[in-house]
Number of protein chains: 2
Amino acid sequence: MRLTTKGRFAVTAMIDLASRQADGPVTLAGIAERQKISLSYLEQLFGKLRRHDLVSSVRGPGGGYRLARDIAAITVADIIIAVDEPLDATQCGGKENCHDAHRCMTHDLWANLNKRMYAYLDSVTLDALVNRRVQPDADMAVLRNIRRRATPSTVREIAAI
Amino acid sequence: MRLTTKGRFAVTAMIDLASRQADGPVTLAGIAERQKISLSYLEQLFGKLRRHDLVSSVRGPGGGYRLARDIAAITVADIIIAVDEPLDATQCGGKENCHDAHRCMTHDLWANLNKRMYAYLDSVTLDALVNRRVQPDADMAVLRNIRRRATPSTVREIAAI
DNA sequence: ACATATCCCGACAAAAACGATCAACTACTC
DNA sequence: GAGTAGTTGATCGTTTTTGTCGGGATATGT
């Protein structure tokens, strides 16, 4: 599980698409203009999204993209995986060349963390995003932790998230 | 909030450090050897970790790095933020140059998602990682979702997470 | 003095992010 | 039914990020 600006672009674009597909196929040019993402980059992203069966394309005038599934059956995790594919698979393929036991422990821990993150992102559907049904209770948890162990530097960085 | 291999390396190194600091300062050379990360890269990462007050250094023979705070007061989010700094701040600085209302909505949604992720990563402390107290209940949720909307392609990719 | 550390820097290759350009397809018009 | 404009689709080039290598400076315990 990797989370980069690429994934963010893809999610942003998919939200735009999802909230406009009622009027027929949505063009990449439109998404590019509204979301300020370069058309070329969108073309690449949607190529991947199409190959992962998240969107379907209609060519020619009046064409564009549609969601390939129901809006409630596409999650943020789907989009990010489609766009960020390779995902080095924790460079020690599950068992070998982990020299001592300690290294593998670290890997297990990270893999577990990965699963948790995936589970969360997979619980957020496009539908929930478009219709603003994403619970905003996170702020409270964050603030609680910040207050518990704030240092001059952390406070500054939190603002930049 | 960005999640790349760089952050993973930093977390791995911090776990190694945390689980060995009982015997005094831990050298980067040791971490490099055990975790198979290049020494130069570790130096760069720990420079940032030190400037963010997550670790403190002791120079000279017998020196190395220590955690600057209690092991339970350092979270995965702390480490990732320290190491992945710039974080473009969602390129429309919170208010301006969002041309139509729709764009800002998308940004809000993403920002909210970011907060949720941060909240989760901030809830996982180094202590919890080292002492294996990270709940593995995620698998169930993942499997539930996969079963709900599996396609030939997704199934293949899930295996690669 | 010497060996062992952190620190700081510049150069570099490989990979990923991002962008531009051109080819292929298709609905519409005439 | 041929042309044309609006699209997607694929390929290549440039810039940024990752990760490594090497060298040198500074601090410090023995």
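Please refer to the structure placed before this passage.
These figures come from a predicted structure and were not determined experimentally.

What counts, and at which threshold
- Residues numbered from 1 in each chain as written.
- Chains lettered and ligands numbered in written order.
- Predicted model: local features only at pLDDT ≥ 70, side-chain atom pairs only at ≥ 80, totals over all residues.
- Heavy atoms only, no water.
- Helix = DSSP H or I, 4+ residues; strand = E, 2+ residues; numbered from the N terminus.
- Buried < 20%, exposed > 50% of the residue type's maximum accessible area, 1.4 Å probe, protein only.
- Contact = heavy atoms within 4.5 Å.
- Areas by Shrake-Rupley, 256 points an atom, 1.4 Å probe, with all protein chains shown as cover.
- Polar contact = N/O pair within 3.5 Å; in protein donor to acceptor, adjacent residues only side chain to side chain.
- Phe/Tyr/Trp six-rings, centres within 6.5 Å; stacked < 30°, edge-to-face > 60°.
- Near = heavy atom within 4 Å.
- Nonpolar A, V, L, I, M, F, W, Y, C, P; charged D, E, K, R; others polar.
- Axes fitted to C-alpha atoms, helices over the stretch in contact; angles between N-to-C directions.
- Left-handed = near helix turned anticlockwise from the far one by under 90°.
- Expected span 1.5 Å × (residues − 1).
- Salt bridge = Lys/Arg side-chain N within 4 Å of Asp/Glu carboxyl O.

The helix and strand tally for chain A stands at 8 helices and 2 strands. In chain A, the order of α-helices and β-strands from amino to carboxyl end is α-α-α-β-β-α-α-α-α-α. Burial status across chain A gives 53% buried among its 161 residues. Of the contacts made within chain A by residues no fewer than 6 positions apart, 62% connect residues no fewer than 24 positions apart. Total accessible area computed for chain A in this model is approximately 7,600 Å², and 54% of it derives from carbon and sulfur atoms.

Quick look at the side chain of A:Asp122 now. Counting through the fold element by element, A:Asp122 comes out in helix H5 (residues 101-123). Here A:Thr75 takes part through its side chain, which lies 2.8 Å from a polar atom of the side chain of A:Asp122.

What follows covers helix H4 (residues 76-83) of chain B. Counting buried residues along H4(B), 8 of its 8 residues qualify, which places the element largely inside the surrounding structure. Among all positions of H4(B), only B:Val76, B:Ala77, B:Asp78, B:Ile79, B:Ile80, B:Ile81, B:Ala82 and B:Val83 are buried.

What follows deals with the packing of aromatic side chains. All names here are of chain B. All chains considered together, the criterion is met by 4 aromatic pairs over all chains. Aromatic pair Phe 9 and Tyr 41: ring centres 5.9 Å apart, planes at 85°, arrangement edge-to-face. Here Phe 9 is found in helix H1 (residues 5-18), whereas its partner Tyr 41 is found in helix H3 (residues 39-51), with 32 residues between them in sequence. Taking the relative accessible area as the measure of exposure, Tyr 41 reaches 25% and is therefore partly exposed.

The next subject is the protein's contact with DNA strand C. Taken together, 26 residues lie near DNA strand C, and A:Ser40, A:Gln44, B:Leu28, B:Ser57 and B:Tyr65 sit nearest. Between B:Arg50 and DNA strand C, the recorded distance is 3.3 Å, taken from a side-chain N or O atom to a phosphate oxygen. At 3.4 Å, a backbone N or O of B:Pro61 approaches a base oxygen of DNA strand C. Of all the elements in the fold, those that place two or more residues in the surface near DNA strand C are helix H1 (5-18) and helix H3 (39-51) of chain A together with H3, strand S1 (55-58) and strand S2 (64-67) of chain B. With 4 residues, the single largest contributor to the surface near DNA strand C is H3(A). Within the surface near DNA strand C, the residues separate by chemical class into 7 nonpolar, 10 polar and 9 charged.

One non-glycine residue with positive phi stands out, namely A:Asp53, at about 60°. Along the chain, A:Asp53 turns up in the loop between H3 and strand S1 (55-58). Residue class for A:Asp53 comes out partly exposed when judged on its relative accessible area of 40%. With phi around 55°, B:Lys36 is a residue other than glycine that occupies positive phi space. Looking at the element boundaries, B:Lys36 is found in the loop between helix H2 (28-35) and H3. For B:Lys36, a relative accessible area of 43% corresponds to the partly exposed category.

Turning our eyes to something else, we now look at the protein's contact with DNA strand D. Taken together, 23 residues sit near DNA strand D, with A:Tyr65, B:Thr5, B:Tyr41, B:Arg59 and B:Pro61 positioned nearest. A distance of 3.2 Å separates a base nitrogen of DNA strand D from a polar atom in the side chain of A:Glu43. B:Gln44 has a polar side-chain atom sitting 3.3 Å from a base oxygen of DNA strand D. Elements represented by at least two residues in the surface near DNA strand D include exactly H3 and strand S2 (64-67) of chain A together with H1 and H3 of chain B. Residues of the surface near DNA strand D, tallied by class, amount to 6 nonpolar, 10 polar and 7 charged.

The next point concerns the packing of H1(A) against helix H2 (residues 28-35) of chain A. All names here are of chain A. Two elements in contact, H1 and H2, have axes separated by 10 Å at closest approach and are oriented at 115°. Where H1 crosses over H2, the handedness of that crossing is right-handed. In contact with Thr 12, Ala 13, Asp 16 and Leu 17 of H1, H2 contributes Ile 31, Arg 34 and Gln 35. Counted by class, the contact of H1 with H2 contains 3 nonpolar, 2 polar and 2 charged residues.

Our focus in this paragraph is H3(B). Residues and elements named next belong to chain B. Along its 13 residues, H3 runs 18 Å from first to last C-alpha, staying within 8% of the 18 Å computed at 1.5 Å per residue. Where H3 is buried, its residues contact H1, H2, S1, S2 and H4. At the C-terminal side of H3, Asp 53 shows a positive phi close to 60°.

The tally for this structure, following the rule as stated, stands at 9 salt bridges over all chains. In this structure, B:Asp16 and B:Arg34 form a salt bridge, with 2.8 Å as the shortest nitrogen-oxygen distance. In this pair, B:Asp16 is assigned in helix H1 and B:Arg34 in helix H2, connecting sequence segments 18 residues apart. We classify B:Arg34 as buried; its relative accessible area is 19%. Put simply, A:Asp16, A:Arg20 and A:Arg34 are held in one network by salt bridges that share partners.

From the geometry alone we can't say anything about function, so treat these as descriptive.
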